[in-house]
Amino acid sequence: MSQQTQPSDAAIDNLAKAMETSKYNAGRLIMTESAYFSSEAQKDAYNKLGVEQFEILATLDDITSELCQSLDGKVFPMSEYQAGVTAPPFHPWCRTTTVPYFDDDFGERAAREPETEKTYYVSGNMKYPEWRENFVEKDLTQKHSGDIMLNRDINSTGSVNMTDTIKSQIQLPIEREHSGKGVPSAIIHSDTGLTNRQQTLLNQLPEYDSRVTVPKNSVSMRDLSALTAETGVEYAMFTKGQERLIIRGNEVSVNVSTEFAEKLSRDSYRWSGHTHPGIEMYSLQSSEGDMNILKLFNQKKSVIYNSTGNHLLFWKEE
Ligand SMILES: [Zn+2]
């Protein structure tokens, strides 16, 4: 909810008269109240969309309050959403907003319908071919009629080009409700940019094969999907206890050799997932290399995210 409706001067005048208060205070009251109602509307929208957690997104500049600076990047469950307490407005003239936050623990998978991005749930053990047959192929033949093949054209620098026609066909219901910052599909389609927390992570991964270890709760696969949307390259994530190892790759791979994967596995790391640049559903398909690396870990499955936040599990061959 980046834009609050601006109250008219007349409304402020009337309120000031009625309350015999200064115009400044009246304006402040109306703005704070409208931010409060925006925040409540945001809460309803998140609940309707099945968002389970949200992240505080402060505008970081010279005049950001210390309170909002300290809250930036904090993640709360929707059950704790309370305007003025865990959600904006935190103070008069508050410019802080929120974005949905998606965790990526395995279990029931949320999948997304390619074009409308409506979230639907598939059972946790549904495998790619089954999912594709049930959801994607029907869509491809009935509604998308081959559009999906046209959606991406990777140029030599790995960035993504799309025609305006295709852009206009993509509906972004979540993003319409707020700035879209940090949301992979909004980054890829509207260039909304990363959240401050995601940008901090990217700063630590400046080039191919950069590696960083961060606390588990500071990054999700959804964040890596946002980084892939922003940079057009792959990222891989390995988790051990409360620690995550993130490795930056290039447009087509991440540098994880057999030896290195074996070492990670011996050290009790789990391969949480990795990303593939792309916006089509087939960008979620695991490669032969992915399957070979998965064999080396003591786990049955891992996950691939693409540039739009779509994701799919892939499984060890039995
Ligand atoms: Zn892969």
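Our subject is the structure listed above.
Residues numbered from 1 in each chain as written. Predicted model: local features only at pLDDT ≥ 70, side-chain atom pairs only at ≥ 80, totals over all residues.

Draft legend 1. Representation of the overall build of the protein chain within the structure. Along the protein chain, the regular secondary structure elements total 12 helices and 13 strands. When each of the 318 residues of the protein chain is scored for burial, the buried share is 34%. Nonlocal contacts in the protein chain, meaning residues at least 24 apart in sequence, comprise 63% of its contacts between residues at least 6 apart. (Helix = DSSP H or I, 4+ residues; strand = E, 2+ residues; numbered from the N terminus. Buried ≥ 20, exposed ≤ 12 C-beta atoms within 10 Å, placed from the backbone. Contact = placed C-beta atoms within 7 Å.)

Draft legend 2. Highlighting the nonpolar core. Membership of the largest hydrophobic core comes to 46 residues, with the highest contact counts inside it found for Tyr235 and Met237. Among the elements that line this core, the one with the most residues is helix H10 (residues 221-231), at 5 residues. Residues contacting methionine 237, with those up to four places away along its chain left out, are Met221, Leu224, Arg244, Ile246, Ser272, Gly273 and His274. (Core = buried A, V, L, I, M, F, W, Y, C linked by C-beta atoms within 7 Å.)

Draft legend 3. Up close: the pairing of strand S10 (residues 243-248). Of the pairings in the sheet, the one linking strand S8 (residues 211-215) to S10 comprises 5 bridges and is antiparallel in character. Residue pairing for S10: valine 214 is matched across the bridge by arginine 244. Where strand S9 (residues 235-240) and S10 come together, 6 bridges link them in antiparallel fashion. The residue of S10 that forms the bridge with alanine 236 is isoleucine 247. Here S9 folds back onto S10 in antiparallel fashion, the turn holding 2 residues, of which glycine 241 has a positive phi close to 55 degrees. (Pairing = 2+ DSSP bridges.)

Draft legend 4. Local environment of the sheet that holds S10. With mixed pairing, 6 strands are arranged side by side in an open sheet as S8-S10-S9-S11-S12-S13. Edge positions in the sheet fall to S8 and strand S13 (311-315), since each has one partner strand and no second. Strand-to-strand twist in this sheet, taken as the mean axis angle between neighbours without regard to direction, amounts to 25 degrees. Where S9 lies against strand S11 (residues 270-275), 4 bridges are found, and the strand directions are antiparallel. Paired with threonine 239 across the bridge in S11 is arginine 270. (Axes fitted to C-alpha atoms, helices over the stretch in contact; angles between N-to-C directions.)

Draft legend 5. The pairing of S11, seen in detail. S11 sits mainly inside the fold: 5 of its 6 residues count as buried. Pairing of S11 with strand S12 (residues 301-305) involves 3 bridges; the strand directions are parallel. Of the residues in S12, the one forming a bridge with histidine 274 is isoleucine 304.

Draft legend 6. Local environment of the environment of valine 256. Along the chain, the position of valine 256 falls in the loop between S10 and helix H11 (258-266). Separated by 37 residues in the primary sequence, valine 256 and isoleucine 293 have C-alpha atoms spaced 8.2 Å apart.

Draft legend 7. A look at the sheet that holds strand S1 (residues 53-57). Read from one edge to the other, the open sheet built from 3 strands follows the order S2-S1-S3, with strand pairing classed as antiparallel. Unpaired on one side and paired on the other, strand S2 (75-77) and strand S3 (97-101) mark the two borders of the sheet. Shown here is a sheet whose adjacent strand axes are inclined to one another by a mean of 35 degrees, direction ignored. Across 3 bridges, the pairing between S1 and S2 is antiparallel. If you follow glutamine 53 over to S2, its bridge partner there is proline 77.

Draft legend 8. Structural detail: the environment of histidine 311. Structurally, histidine 311 is set in strand S13. A residue is classified by how many C-beta atoms lie within 10 Å of it, and histidine 311, with 22 of them, is buried. Remark: the alpha-carbon pair of histidine 311 and histidine 276, spanning 35 residues in sequence, is separated by 9.7 Å. Here histidine 311 is in contact with Met221, Leu284, Val303, Ile304 and Tyr305, once residues within four sequence places are set aside.

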